[in-house]
Amino acid sequence: MKGGLVSNWLHDNLRPGHDIEIEGPVGRFNFDDLPCEKPLFLSGGSGITPVKSMLRALTDRASGHDIRFIHCARTADDIVFRSELEALAARFSNIDVSFFCSQEGSAWQGPTGRIDGPMLLRLAPDLHQRTLYLCGPEPFMRTVRACLADIGIAFSQYHEESFGGAVGNSMPPQSAVAGPTRVRFARSGVEHLCAPGEILLDAAHNCHLYITKLCRR
């Protein structure tokens, strides 16, 4: 990933025999913490990862939930986990899987275009009876949120996980800090003068400090 902090470092530095310390899965964007009877898993690009994990957990348990899974990709070649998702839909009668691509191509005969309310309702006609689990690039999720508001989906029927929108996109103007900001990490005692626009996670990284985080490129 261009500009990626983890993937590029791993490819450049990791060698056979190196030891890696990892943590278990964390976070509340999972079906056990957010259960429902009729889930709609909706994803864009690599945002498919967490919702695909939820689907796999349900199929591993042979769950009888009425499940719809919708994934958006740029082209047919960009559809992640396509063969596995199609196999699950063929195996389990309670699972409906749909794909759509933002770009047309000879290899794709399915729905094309940008996500909007009418497309959502075509792919999930019972949308109002479902609980949505959404993950994807921030522009994609922002568009979906606007569509759901127009359609009249209740906030209680909606859950999302962001995997890295542009810093500051969702911050209200009044939250901006005019001057330099100093942060002190209490456990280590390290103090740091933040640069303009520097977020706390980047400040910790620049001080060579590790803090627990749920997602990082």
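In this text the structure is predicted, and so the values were computed from the model without any measurement. (Residues numbered from 1 in each chain as written. Predicted model: local features only at pLDDT ≥ 70, side-chain atom pairs only at ≥ 80, totals over all residues. Heavy atoms only, no water.)

Draft legend 1. Representation of the pairing of strand S3 (residues 95-101) within the structure. Among the 7 residues that make up S3, 6 are buried, leaving the element largely enclosed by the rest of the structure. Both strand S2 (residues 67-73) and S3 contribute to a ladder of 7 bridges, which runs parallel. When the bridges of S3 are listed, Ile67 appears paired with Ile95. The parallel pair S2 and S3 is bridged by helix H3 (residues 82-91), and the resulting crossover is right-handed. (Buried < 20%, exposed > 50% of the residue type's maximum accessible area, 1.4 Å probe, protein only. Helix = DSSP H or I, 4+ residues; strand = E, 2+ residues; numbered from the N terminus. Pairing = 2+ DSSP bridges. Right-handed = clockwise from strand over helix to strand, strands pointing away.)

Draft legend 2. Fine view of the pattern of salt bridges. In this structure the tally under the stated criterion is 15 salt bridges. Between Arg68 and Asp126 there is a salt bridge whose closest N-O contact spans 3.6 Å. Of this pair, Arg68 sits in strand S2 while Asp126 is found in the loop between helix H4 (117-123) and strand S4 (131-136), placing the two residues 58 residues apart along the sequence. Side by side, Arg68 and Asp126 carry an identical accessibility label, which is buried. A salt bridge links Arg130 to Asp126, with the shortest nitrogen-to-oxygen separation between them at 3.0 Å. (Salt bridge = Lys/Arg side-chain N within 4 Å of Asp/Glu carboxyl O.)

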